[in-house]
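Fold and geometry: a report
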There are 2 protein chains.
Amino acid sequence: MKTAIVATGSELIRGFVQDINSRFLARNLTELGFENQNIFICGDQKETIKESILRAAKIADLIFITGGLGPTKDDQTKNAFAEALDLELEYSTKIEKNLTKIFKSSNLNQNNLSQAYIPQGAKVINNNFGTAPALKLKNKNNCFYLLPGVPSELKYLFREKIISDLKSLSQNKFLVKELNFIGIGEANLAAKVENLALNPALEISYQAGQAEVKLRIKVNSASQKSFKQKNEIVNKARNKLKKEFSCFIYGEDNESLEAKIKKILIKKKLKVATAESFTGGLLAKRLTKLPGSSEYFLGSIVAYNQEIKEKLLKLKQSFLKKYGVVSQECVEAMAVSAANIFSSDLALASSGAAGPAAHADQKAGIMFISIFYQGQSKTFKIEKNYGRAANTFYASQIALFELYKLIAQKRNDLNA
Amino acid sequence: MKTAIVATGSELIRGFVQDINSRFLARNLTELGFENQNIFICGDQKETIKESILRAAKIADLIFITGGLGPTKDDQTKNAFAEALDLELEYSTKIEKNLTKIFKSSNLNQNNLSQAYIPQGAKVINNNFGTAPALKLKNKNNCFYLLPGVPSELKYLFREKIISDLKSLSQNKFLVKELNFIGIGEANLAAKVENLALNPALEISYQAGQAEVKLRIKVNSASQKSFKQKNEIVNKARNKLKKEFSCFIYGEDNESLEAKIKKILIKKKLKVATAESFTGGLLAKRLTKLPGSSEYFLGSIVAYNQEIKEKLLKLKQSFLKKYGVVSQECVEAMAVSAANIFSSDLALASSGAAGPAAHADQKAGIMFISIFYQGQSKTFKIEKNYGRAANTFYASQIALFELYKLIAQKRNDLNA
């Protein structure tokens, strides 16, 4: 069953206010198994609201219209709706009674009473948190819900008074599974996934994030399969993808990399420190992002030039001269040094040319990351040149992801 | 001049992701003097994108289309756009060249190269933060901008590469002035500005950012005054505000705090280091944000527990026990220590309870920042409790802003 959302309000199209109602409705409708088609955001004028409603009615069975139900002159949604569907407005004594209760008698004015006019045939859904009730109206092949624009009222009305209605309408609750990837680009991942020849009933989509990709799996909505069958298809695909791309997946759904790392560090009672050059404190910042990070994070030395690397990280001048500060040798020595200085179980180090200029004879985008753990170094050379900020963040993703993979291993065998 | 926005992405109409791009665009277009008409949010299918584009073209002069420019099969925006306007797609060697630069040769596959096809006549706007460039195309009475859906890329492209174009189209030319505030809230600032009784022809608006507020000054669009008169009114107000709020303003228009600091540090040949506790590397990260930061930034010691403060920052156990690690005394000693260890002209230190839990007998949101410069300490106690991430960022704003004010002083007199 198809749905559409019309959000009204000049503050929305002018960008003064973020329209969070539509996303709330869309997410809930999706979870209930509806297929939401469009979100139309328009201003307060009757004509633009009318146009949006008519368009929504063409493409969807169920239409949710939000905002413009208040008592002032710029609240035109009911007028626009009545005109669009060629309905009269009629006076609702039920609403009047409710308004009288809210305002006592003293403050009730003509503006307030205008809220008692509703399109004929509309069912009033009482709003315990505001003066504007929600309305429901069936018309030919469409069913319309008119909801107030105040997010807290809308959420309350939807959850308490509408969702049970919708559950009985929805035929196919569908499952969506998400997998979160690091270290593989959207295009490359999509090409590899295509080669897996997954069940053709599946719909796979990709969303690029900040140096990561989210892959979504769901069964095509046209599919006639049962809920149980769909569930099986999605889970089978998820398992196949997890197995195939284990070295690129850090989590599912809304899991964050920092949270995954935190969990293991605490469980295994591991302490971590960093020695940073081009990441300039970003590794430390990300490792201290979550509350309770002092349980596993000890500290960092950001050594932004050679002299400081010598002085604080105790690297020898001759060594740095021989290999250069942007080298596998240097970054490994930095990690070992950090582990010694902080007496940590794990140390993470970075050295590279973040850009835009070359640095220490390495061109922009050449970056090294090293992890020292259980007496061994794992080192990664990264070559990306998206610009300074993006390069640095990308390297921090690789660093934390590789750290995660290392500590998530069941056996303590780095060579496995 | 009328504008419309088409946001594409099945993740948006399904409510998995909040569409923040449209609001960003709408807000900026409004501020530039355009009249935004509608925001159409549609899925990834070619037909629905095409329909939305055609509808937008009917109601607006300028149309912004976001998302669906990536390399995978669900990226259909360019195809839909070409069909809607009856254009052919042609291969852009400019884009191919750029992709080759990003991917080196090894990882470049057919999916990536699909990004090189663009509607004929489109102008390529290079994207330094991702693989999908923006496109601009004039067609009959409309002008279209196609922008990538990743918010950071969209914002970057809009601010750096498109806004100057738009300023010349907008009737409200050049008359918007912005002042950037730190350390004063939006409501408080607005109340104080009202008391100044500025010229009634002015329209003052506020935009809350991340621990800062942008104040915008423009002449009401209904005003019949000449360009010169408007310019004078705006400049007079700007000067009055700058004088009145000098201790809260760090810059104008698109100036960043980091860039302001960089300029002075380089000019005065000053070197800076940090000693960080609850900021966990954020001060270092922000001081290394810009290219060339090695000219003035030496390094940082992130000391996330008492033992590390003793060992690396050479603070005495008895001292820390006496005053506590979250105290004015401790943070001052940390800054002095950092200046000694790094032999820097300036040192910045942080110690506090970022939250959500209390720390070292101080409740969440009690934070100290100290700056050591020319033999003297300037220390700030901050009490805010917006949540861990916001607290930390807010403290870093205060730290960098106070550092800026200190080094921007003409005379070397801290007591002035």
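Residues numbered from 1 in each chain as written. Chains lettered and ligands numbered in written order. Predicted model: local features only at pLDDT ≥ 70, side-chain atom pairs only at ≥ 80, totals over all residues. Heavy atoms only, no water.

Cut-off, in case you're wondering: UniProt positions are given in the numbering used here, feature names are shortened, and annotations may be inferred rather than shown by experiment.
Named according to an unreviewed UniProt entry, chain A is Putative competence-damage inducible protein originating from Halanaerobium praevalens. Chain A has a UniProt comment under Sequence similarities (unreviewed entry) that states "Belongs to the CinA family."

1. Here we look at helix α5 (residues 93-103) of chain B
Residues and elements named next belong to chain B. This is how it is decided: Any residue under 20% of the maximum accessible area for its type is buried, any over 50% is exposed, and the rest in between are partly exposed; the area is computed with a 1.4 Å probe on protein chains only. The secondary structure listing takes helices from DSSP runs of H or I that are at least 4 residues long and strands from runs of E that are at least 2 residues long, numbered from the N terminus. Here, the arc refers to the directions that run from the helix axis to the C-beta atoms. Residues count as neighbours in contact if any of their non-hydrogen atoms are within 4.5 Å of one another.
Listed in full, the buried residues belonging to α5 are Ile 95, Asn 98, Leu 99, Ile 102 and Phe 103. Buried residues of α5, viewed axially, fall in a sector of 120°; they line one side. Exposed side chains of α5 directed beyond 90 degrees from the buried face belong to Thr 93, Lys 97 and Lys 101. Looking at the buried residues of α5, the elements they touch are α6 (110-113), β5 (117-119) and β6 (123-125).

2. Observations regarding the environment of Lys 97 of chain A
Relative to the assigned elements, Lys 97 of chain A resides in helix α5 (residues 93-103). With 60 residues separating them in the primary sequence, Lys 97 of chain A and Gln 37 of chain A have C-alpha atoms 37 Å apart.

3. Some words on the packing of aromatic side chains
Inclusion rule: Geometry of aromatic contacts follows a simple scheme: Phe, Tyr and Trp rings, the Trp one being its six-membered ring, pair when their centres are within 6.5 Å, and the pair is stacked under 30 degrees between planes, edge-to-face over 60, tilted otherwise.
Scanning the model with the defined rule gives 19 aromatic pairs over all chains in all. Plain terms: the ring middles of Phe 297 of chain A and Tyr 304 of chain B are 5.4 Å apart, the flat faces sit at 75° to each other, and that makes the pair edge-to-face. Residue Phe 297 of chain A is located in strand β14 (residues 297-303), and its partner Tyr 304 of chain B is located in the loop between β14 (297-303) and α12 (306-313); the two belong to separate chains. Take Phe 297 of chain A: its relative accessible area is 0%, and that puts it in the buried class. Assessed through its relative accessible area of 11%, Tyr 304 of chain B is described here as buried. Feature note: the residues Phe 24, Phe 64, Tyr 145 and Phe 158 of chain A constitute an aromatic cluster, connected by ring pairs.

4. Remarks on the interface of chain A and chain B
This is how it is decided: Two parts lose some accessible area (1.4 Å probe) when they are put together, and adding that loss for both gives the buried area. Here a salt bridge means any side-chain nitrogen of Lys or Arg lying within 4 Å of a carboxyl oxygen belonging to Asp or Glu. Polar contacts, as counted here, are pairs of nitrogen or oxygen atoms within 3.5 Å of one another; within protein the pair requires one atom able to donate a hydrogen and one able to accept it, and residues that are adjacent in sequence qualify only if both atoms are side-chain atoms. Note on residue categories: nonpolar means Ala, Val, Leu, Ile, Met, Phe, Trp, Tyr, Cys or Pro, charged means Asp, Glu, Lys or Arg, and polar means any other residue, Gly included.
On the chain B side, the residues contacting the 77 residues of chain A number 72 residues. Where chain A abuts chain B, roughly 6,000 Å² becomes buried across the two surfaces, and 53% of that area is made up of carbon and sulfur atoms. It is Gln 18, Tyr 304 and Tyr 386 of chain A that lose the most area in chain A upon contact with chain B, and together they represent 10% of the buried surface on that side. Counting the contacts that link chain A with chain B gives 4 salt bridges. A salt bridge links Arg 55 of chain A to Glu 51 of chain B, with the shortest nitrogen-to-oxygen separation between them at 3.4 Å. Linking chain A to chain B there are 38 residue pairs in polar contact (both at pLDDT 80 or more). Of the residues assigned to the side of chain A that touches chain B, the class counts are 34 nonpolar, 26 polar and 17 charged.

5. A word on the pattern of salt bridges
Using the criterion set out here, one finds 33 salt bridges over all chains in the structure. Two residues, Lys 73 of chain B and Glu 194 of chain A, come together in a salt bridge whose shortest N-O distance is 3.5 Å. Here Glu 194 of chain A lies in helix α8 (residues 186-195) and Lys 73 of chain B lies in the loop between β3 (62-66) and α4 (77-85), a pairing that spans two chains. Between Lys 260 of chain B and Glu 255 of chain B there is a salt bridge; the shortest N-O distance is 3.4 Å. A cluster of three or more residues bridged by salt bridges with shared partners is formed by Lys 177, Arg 238, Lys 242, Glu 252 and Asp 253 of chain A.

6. As for a nonpolar patch on the surface
Note the cut-off: Two distance rules govern patches: like charges are joined within 9 Å, and nonpolar side chains (Val, Leu, Ile, Met, Phe, Trp, Tyr) within 5 Å, applied only to residues with over 30% relative accessible area and no salt bridge. Computed with a 1.4 Å probe, the accessible areas rest on the Shrake-Rupley method; for each residue, only the protein chains presented here act as cover.
Nonpolar side chains collect at one region of the surface, where Leu 89, Tyr 91 and Tyr 117 of chain A lie side by side and expose about 260 Å² of accessible area between them. Position of Leu 89 of chain A relative to the elements: it lies in strand β4 (residues 89-91).

7. What about the packing of helix α10 (residues 257-267) of chain A against helix α15 (residues 388-408) of chain A?
Residue and element names in this part refer to chain A. Definition in use: Angles here are taken between N-to-C directions and fall from 0 to 180 degrees, while the axes themselves are lines fitted to C-alpha atoms, restricted in helices to the stretch in contact. Definitions for this section: a left-handed crossing has its near helix turned counterclockwise from the far helix by less than a right angle. A right-handed crossing has that turn clockwise.
Here α10 crosses α15 at 35°, and the two axes come no closer than 10 Å. Taken as a pair, α10 and α15 cross one another with a handedness that is left-handed. From α10, Leu 257, Lys 260, Ile 261, Ile 264 and Leu 265 reach across to α15, where they touch Gln 397, Leu 400, Phe 401, Leu 403, Tyr 404, Ile 407 and Ala 408. Looking at the contact of α10 with α15, its residues break down into 10 nonpolar, 1 polar and 1 charged.

8. A closer look at the nonpolar core
Most often, soluble globular proteins keep nonpolar side chains buried together rather than apart. To keep it simple, the criterion reads: Only buried residues count toward a nonpolar core. Its members are Ala, Val, Leu, Ile, Met, Phe, Trp, Tyr and Cys residues joined through side-chain atoms within 4.5 Å.
Core analysis: the largest hydrophobic core is formed by 63 residues, its most contacted members being Phe 81 and Phe 144 of chain A together with Phe 81 and Phe 144 of chain B. When neighbours within four sequence positions are excluded, Phe 81 of chain B is seen to be in contact with Ile 53, Ile 65, Leu 87, Pro 119, Leu 137, Phe 144 and Leu 146 of chain B.

9. Things to note about the state of the cysteines
All names here are of chain B. Put simply, the rule reads: Note on terminology: pairs of cysteine sulfur atoms within 2.5 Å are recorded as disulfides.
Throughout the structure, instances matching the rule amount to 0 disulfides over all chains. In this structure Cys 143 is a free cysteine whose sulfur lies 19 Å from that of Cys 42, the closest cysteine sulfur available. The exposure class assigned to Cys 143 is buried, which follows from its relative accessible area of 9%.

10. As for empty space enclosed by the protein
Quick reminder of the rule: Cavities and pockets are found on a 1 Å grid laid over the protein atoms alone: a cavity is a set of points where a 1.4 Å probe fits but cannot escape, a pocket is an open set with protein on both sides within 12 Å along at least five of seven lines, and a lining residue has an atom within 4 Å of such a point. Grid points are joined across faces, edges and corners, and a volume is the space filled by probe spheres set on the points.
Under the definition given, this model contains 9 cavities of 30 Å³ or more. Looking at the largest cavity, its volume works out to about 130 Å³. If you go around the largest cavity, you meet 16 residues; those closest to its centre are Gln 18, Asp 19 and Ile 41 of chain A together with Gln 18 and Asp 19 of chain B. Every element with two or more residues in the lining of the largest cavity is listed here: α2 (21-31) and β2 (35-42) of chain A together with α2 (21-31) and β2 (35-42) of chain B.

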